[in-house]
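# Analysis of the macromolecular model
Next come the chains, spelled out residue by residue.
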Amino acid sequence: MAADPKSTLQKLLDLLGFNATVDEHHLEDGVLLDVKTEESGRLIGRQGQTLGDLQYITNRLIFQQDASAPKIMVDVSGYRAQARDALVKKAQEAAEKVRRWGDVVELEPLNAFDRRIIHQALKDDPGIETHSVEVEGTDKKAILLRPKH
């Protein structure tokens, strides 16, 4: 049976007691489920933690139903789009420092989702290379930006 991401997330939100609607958008690399609710702050959580957990659970449920299902991205009231724009801006500012001073710049520890956004934002920059490095005592990694030689 093919998985239905929209109804899976809708049922999960209903079971959690959220009054919300889910819009489904097909992207080139997966499916975006955009949640509309009056309680967006509770669903997003601190620094998007709850939203990340909700996305993880949704992907696990979908994958159990259909191992070939596309990756699901969950957003609440455009939070991910705003956060993505802020991360891309931060990456570009850090890259400019690397270009200007020739020094290595280290960004704060980020989760895998956010690191991927930064790597993607700078992958075509001819003068900058990015590397993820372990941060002791956490499950997150930081990104180092350095000049390409």
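A brief look at the structure comes next. Keep in mind that this is a model prediction, so the values were computed, not measured.

What follows covers the pairing of strand S6 (residues 141-147). Along S6, five of the seven residues are buried, which leaves the element largely enclosed by surrounding structure. In the sheet, strand S4 (residues 105-106) pairs with S6 via two bridges, with the strands oriented antiparallel. In the strand pairing of S6, Glu106 is matched with Leu144. Relative to S6, strand S5 (residues 128-134) runs antiparallel, the two sharing seven bridges. Its bridge partner being in S6, Val133 is matched across the sheet by Ala142.

Looking now at helix H1 (residues 5-15). All buried positions along H1 are accounted for by Pro5, Thr8, Leu9, Leu12 and Leu13. Down the axis, H1 shows its buried residues gathered within 130° of arc, on one side only. Turned more than 90 degrees off the buried face of H1, the exposed positions are Lys11 and Leu15. Residue Gly17 follows H1 closely and has a positive phi angle near 90°.

With that settled, consider unusual backbone geometry. We note that Gln47 has phi near 55°; this positive angle belongs to a residue other than glycine. Structurally, Gln47 is set in the loop between helix H2 (40-44) and helix H3 (49-65). One non-glycine residue with positive phi stands out, namely Ser77, at about 50°. Counting through the fold element by element, Ser77 comes out in the loop between strand S3 (72-76) and helix H4 (79-101).

Basis of the calculations
Residues numbered from 1 in each chain as written. Predicted model: local features only at pLDDT ≥ 70, side-chain atom pairs only at ≥ 80, totals over all residues. Heavy atoms only, no water. Buried < 20%, exposed > 50% of the residue type's maximum accessible area, 1.4 Å probe, protein only. Helix = DSSP H or I, 4+ residues; strand = E, 2+ residues; numbered from the N terminus. Pairing = 2+ DSSP bridges. Arc of directions from axis to C-beta.

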